[in-house]
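# Tertiary structure, described
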Amino acid sequence: MSAAIVLGSNADALVAAHLLARAGRRVTLVHPRAFSDRPASWVSPRLRRALALEAAPAGADATWASALLPAGGTLELAQDIGRSVEAIRRLSPRDAERWPQFCERMAALARLLETLYAEPPPAPLDLRLALRVRRLGRRGMSDLLRVLPMSAAELLDDWFECDALKGALAASAIAHLQQGPRSAGTAFRLLHHHVGCAPGVFRPARIDLVAALRERPGVALRAQGIERILIKGGRVTGVALAGGEELAAALVLSAEDARRTLLELADPGWLDPELARAVGHVRRRGVAARLRGRARHRPATAVLAPSLDYLERAYDAAKYGRMAEEPALEARYDGDRVEIDLQFAPYRLADGPWDGAARARLAAFAASRLPELADAPLSVEAPPDLEEIEGWPEGQPFHAELALDQSLWARPLPALARYRTPIEGLWLCGPGMHPGIPGAAGEHCVQALERARA
Amino acid sequence: MSASYDALIIGGGHNGLVCAAYLARAGRRVLVLERRERVGGAAMSEEVFPGFRFSVFSYVVSLLRPEIIRELELPRHGLHILPLESTLTPLPNGDYLAQWNDHDQNRRELARHSLRDAEAYDDFGLVLHQMARAIKPILAMAPPDPGSLDPRELMDMLRLARYFRGLGDKNLQALWKLLTMSAAEYLDEWFETEALKATKSASGIIGTLLGPRSPGTAYVLLHHYMGELDGVFRAWGFAKGGNGAVSAAIAAAAQAAGAEIRTQAPVERVLIQGGRATGVVLEGGEELRAGVVVSGADPRRTFLGLVGEQHLPGEFAESIRRFKFRGASAKVNLALDALPDFTCMPGRGPHLRGAISVSPSVAYLERAYDEAKYGEISRRPYMDIVIPSMLDPSMAPAGKHVMSIFVQYAPYHLNGGWTDARREALGDTVVETLAEYAPNLKSAILHRQVLSPADIERIVGLSEGNIFQGELSLQQMFFLRPAPAWSRYRTPIEGLWQCGSGTHPGGGVMGASGRNAAFALLRQRR
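Structural notes, computed from the coordinates.

How each quantity is defined
- Residues numbered from 1 in each chain as written.
- Chains lettered and ligands numbered in written order.
- Predicted model: local features only at pLDDT ≥ 70, side-chain atom pairs only at ≥ 80, totals over all residues.
- Helix = DSSP H or I, 4+ residues; strand = E, 2+ residues; numbered from the N terminus.
- Rg over C-alpha atoms; globule rule 2.2 N^0.38 Å.
- Buried ≥ 20, exposed ≤ 12 C-beta atoms within 10 Å, placed from the backbone.
- Pairing = 2+ DSSP bridges.
- Axes fitted to C-alpha atoms, helices over the stretch in contact; angles between N-to-C directions.
- Contact = placed C-beta atoms within 7 Å.

## Focus on the overall build of chain B
The helix and strand inventory of chain B stands at 18 helices and 20 strands. Relative to the globule expectation of 24 Å for 526 residues, the C-alpha radius of gyration of chain B, 22 Å, shows essentially globular dimensions. Its C-alpha atoms give chain B principal-axis dimensions of roughly 65 × 55 × 50 Å. Scored against the burial criterion, the 526 residues of chain B give a buried share of 56%.

## Considerations on the sheet that holds strand β5 (residues 220-222) of chain A
Backbone-to-backbone hydrogen bonds join strands into a sheet, with any given pair of strands oriented parallel or antiparallel. Residues and elements named next belong to chain A. Strands sit in the order β5-β2-β1-β9-β15 across an open sheet of five strands; the sheet is parallel. On the outer flanks of this sheet lie β5 and β15 (426-428), each paired with one strand and no other. Averaged over all adjacent pairs, the angle separating strand axes in this sheet is 20°, with direction ignored. Both strand β1 (residues 3-7) and strand β2 (residues 26-30) contribute to a ladder of five bridges, which runs parallel. Residue pairing in the sheet places Leu 7 in a bridge with Val 30 of β2.

## Here we look at the environment of Asp 337 of chain B
Residues and elements named next belong to chain B. Positionally, Asp 337 belongs in the loop between β15 (329-336) and β16 (355-358). Looking at Asp 337, the number of C-beta atoms within 10 Å reads 13, which means it is partly exposed. Along the sequence, Asp 337 and Gln 310 sit 27 residues apart, while their C-alpha atoms lie 54 Å from each other. In contact with Asp 337, not counting residues within four places along its chain, are Lys 400, Ala 444 and Leu 446.

## Considering unusual backbone geometry
A cis geometry characterises the amide bond from Arg 411 of chain A onward to Pro 412 of chain A, with omega recorded as -15°. Considering the arrangement of structural elements, one finds Pro 412 of chain A in the loop between α15 (383-390) and β15. The omega torsion across His 504 of chain B and Pro 505 of chain B is 0°, close enough to zero to call that bond cis. Residues other than glycine seldom take positive phi values, yet His 176 of chain A does so here, at roughly 60°. Take His 176 of chain A: it is sitting in the loop between α8 (163-174) and α9 (186-192). Phi is positive for His 399 of chain A, which is not a glycine, with a value near 65°. Here His 399 of chain A lies in the loop between α15 and β15.

See the structure below:
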């Protein structure tokens, strides 16, 4: 049985490790920190089968977003299109009328994206891809070509007039991205988060892959720091752990980000200088802070993004290295616990360090907008904290910002998009790889390496 | 009624004239109809103030396709291009960044700011040069419709795919980056000097309501790198006599080939009979008939104005309605008693024969954009300045000068709308900002002409004052320009064609749209 080592503390690392184990390898998973509990958003049916995972909970009439309105009250967006139509009608009869058609057109595009996400990235001039695109029909095709490079604001302005509706949709389009809703390419992000969802749902269900796999036997877990990846003659020979112990293996998969893997853990001398330079340029700026605490339960994710301009102004601040005065807010509830993302809160603040005062400002903002927060203090994790705790480089959960230029065949950069590195036996399988959905890159990487060895 | 024509061209802008010239050379009887008293559209020179001649709107030449210059023998028809030799970026701290055409001089100047940037500069130029060469054949192409089942278009599509594959992985990857990244982020990968990054990224924002950090602007950077003069890429020049001389040369070439031109002949609508364009009706009622009608007006004016929605298929009309213009550029023309004296580079020098770019940092440009995207004029705008009288003394009386200032951002959709007061406020902002770098400017001004996007729309007819006849954003390029399935210069109305910058490959005084349209039309009717 040949040995393999997987590095990382996320869903991708666990998926890759268990798939390798199922394929008959002796797998050690070295996780340098506690597993990240960032849930997966979509698990392809094939991966579900391969790992014998349970089906996702259905929840037919669930509300996927509860958009907080400036004048009080909420706009409840439900899985059931009819219920959403009723809710939207109270704000804009015209938009309510358009909602079903919008959902249908977006669902058609997301289905195409879903087929692209279910495998390693297509080549840009792939004939099969071209044929698949043509199968969308004339309208679907022009939608796709037009929508992918568009900004979320342009797309939503084409369809709707209601600020609250546009804001709630655009918030997910820019989540964890150093861009605003007017930035070209953000419409693609709206579709990205639509993949795997029912028509009319633009926030994916949260599936905890980590919880499902963490305790599963078959993979040896080592909770230990990683010193470096051992390479001899351009081939991987193993991994040196913190403390000096060395594990030998001819196959190493890293779910850490590409820059750390190739420029810090591996000796960058093995890379072509041009590639090393490109790896150093992968953008991975964290833009959101995470707050955790206790709260009275809400049935649906609360979203504060009352208009496109609200989001754009929040982004404006980040461009100059400032925290948004009024950030976008997303709060997810689990029993009496709440987890809140506030965006924009840049990794590097232009006017000083991330100190107690900066964190307190975020906590005060959340408390002022969410009356259900209990008096118990919120823990505030700024992007530098998230880098520490979760291993997200610069606090970026996608490891490589999921902007159009770092997507699909260019994720995280074209020369590495097929999961393989120039170092024989070293592969990349983290969230920074295509498609940028937790767990999926782990799956595709194993698929790509098995194919290469076949 | 005069004899009938093979083709009527609506609008005597440079693309209309180019199209007319090529059709006439192929033996077609062509009549160009121009609304104003002279041809040229936005490529036009005018004596705005007694003795002072201006390229009123567009003001430099670079993108004009060399094959057009060659095939239409424009130099023989009076075109003479004088090169711009430098770009000076004055800085708030009294220093400057200069980019010179002379390689060694340029390197020394860059090294003064950053040794690393001086090193990277040549590599950068090489990559963009290669990209521009890769893109070049695409400029002369009628974009195939990827949804078509027409075997000819399928073949074209296949040929296109093969062409791209032939570029090789490296070029394809570089192209993908340019298409999807922001100019600032792209330049961040190369350079560290703020003024250099800002001045370079400025070419990515020209004509669009986007900032240097907006994705998609890196491509426009390339678009501006495609300028090619005498086989030298990235060369900008100034036409002797102003940009009106470019139009005049094309018009002369067209007339020499037999095309007729009528000025003060505003077209009111396109005549449509049985779903077919058969001619046009002029304001005043005169009817002209022809085998085909070619519109050089932008898509909105052509289809929603001259044709009328009732004649259009619903989906096409929807695409045209959605086509984005959002003009963001203004022009200030100054008649000067004396040359501006820049604090950073005092006196009269070669820098005054080049471009002067007010773009001290990327954040400066981005802030200017931030104000415009919420509907305000930039308080500290980006400006691209040339002094044509330094290159062509005939533009101004002896000892006096004309200065052309391209300004961004002045959004067409201004909060509260454009008024005379707002226009003059814009003029004041421009003069104040520039006077911070050249304090003698205010006292040297004899006359001032300010043109807002609303003025550009009113005078030249460009919708929302967009200088490219529609934004050059990714979703409005190539086979999506101006609408899916109608990118090959034809329109849903039989006999009606389009040849303006609202079609592939888009704006700048390039002429490619006019030439491509003529070839598409000739190929069709053969």
